[in-house]
Amino acid sequence: MAHTIVTNVCEGVADCVDACPVACIHPGKGANRKGTGFYWIDFDTCIDCGICLQVCPVEGAILPEEKPELQQRG
Ligand code: SF4
Ligand code: SF4
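Small disclaimer: the values here were computed from a predicted structure and weren't measured.

Cut-offs and rules
- Residues numbered from 1 in each chain as written.
- Chains lettered and ligands numbered in written order.
- Predicted model: local features only at pLDDT ≥ 70, side-chain atom pairs only at ≥ 80, totals over all residues.
- Heavy atoms only, no water.
- Helix = DSSP H or I, 4+ residues; strand = E, 2+ residues; numbered from the N terminus.
- Rg over C-alpha atoms; globule rule 2.2 N^0.38 Å.
- Contact = heavy atoms within 4.5 Å.
- Near = heavy atom within 4 Å.
- Nonpolar A, V, L, I, M, F, W, Y, C, P; charged D, E, K, R; others polar.
- Buried < 20%, exposed > 50% of the residue type's maximum accessible area, 1.4 Å probe, protein only.
- Lys, Arg positive; Asp, Glu negative; His and termini not counted.
- Salt bridge = Lys/Arg side-chain N within 4 Å of Asp/Glu carboxyl O.
- Polar contact = N/O pair within 3.5 Å; in protein donor to acceptor, adjacent residues only side chain to side chain.

> Go over the overall build of the protein with me, naming the residues and quoting the values.
Across its full length, the protein holds 2 helices and 4 strands. Helices and strands appear in the protein in the N-to-C order β-α-β-β-α-β. In terms of overall size, the protein behaves like a compact globule, its C-alpha atoms giving a radius of gyration of 11 Å where 74 residues would be expected to give roughly 11 Å. Across its three principal axes, the protein shows a C-alpha extent of roughly 30 × 20 × 20 Å.

Shown next, in the form of structure tokens:
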């Protein structure tokens, strides 16, 4: 099962992007409800390693499960 970036909690810090070993975290289009940029995880490529969750400074922005209803691409 993949990890999920919660679109409206993410603040677009992008620490997760450089940390992901399979480069499956991509920038979303536009802004989220907080008015910041955001990223999304490609569920098909994610290997569920959990590194993104460890490096993300924003509480609740990444969930260790696949929740497509919480993640938008913009
Ligand atoms: S999920 Fe966390 S580390 Fe990744 S872009 Fe969003 S706030 Fe930044
Ligand atoms: S769990 Fe691992 S592979 Fe999946 S998005 Fe996070 S860092 Fe990338």
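> Explain the environment of alanine 2 residue by residue, including any values.
In this structure, alanine 2 sits in the segment before strand 1 (4-5). Residues alanine 2 and alanine 23, 21 residues apart in the sequence, show an inter-C-alpha distance of 13 Å. The residues contacting alanine 2, other than those within four sequence positions of it, are Phe43, Cys46, Asp48, Pro64, Glu65 and Glu66.

> Tell me about the site of ligand 1, and name the residues and values.
In the region of ligand 1, 13 residues are neighbours, and Cys10, Val13, Ala14, Cys16 and Cys56 sit closest. Each residue belonging to the shell around ligand 1 can be placed in one class, and the counts come to 10 nonpolar, 1 polar and 2 charged.

> Outline the environment of aspartate 42, supporting the account with residue identities and numerical values.
Note that aspartate 42 resides in the loop between strand 3 (39-41) and helix 2 (51-55). Put simply, aspartate 42 and glutamate 59 are 17 residues apart on the chain and 21 Å apart in space, counted from C-alpha to C-alpha. Setting aside chain neighbours within four positions, we find aspartate 42 in contact with Cys24 and His26.

> Describe unusual backbone geometry, naming the residues involved and giving the relevant values.
One non-glycine residue, alanine 14, adopts positive backbone phi at about 75°. One can find alanine 14 in the loop between strand 1 and helix 1 (15-19).

> Please provide a residue-by-residue account of the side chain of aspartate 42, values included.
Put simply, aspartate 42 is tucked away with no salt bridge, and the nearest opposite charge, on arginine 73, sits 4.8 Å away. Among the polar contacts made by the side chain of aspartate 42, one reaches the main-chain amide nitrogen of aspartate 44 at a distance of 3.0 Å.

> Run through the pattern of salt bridges, naming residues and quoting values.
Inspection of every chain in the model, using the stated rule, returns 1 salt bridge. With a shortest N-O distance of 2.9 Å, lysine 34 and glutamate 11 are connected by a salt bridge. In this pair, lysine 34 sits in the loop between strand 2 (25-27) and strand 3 while glutamate 11 sits in the loop between strand 1 and helix 1, placing the two residues 23 residues apart along the sequence.

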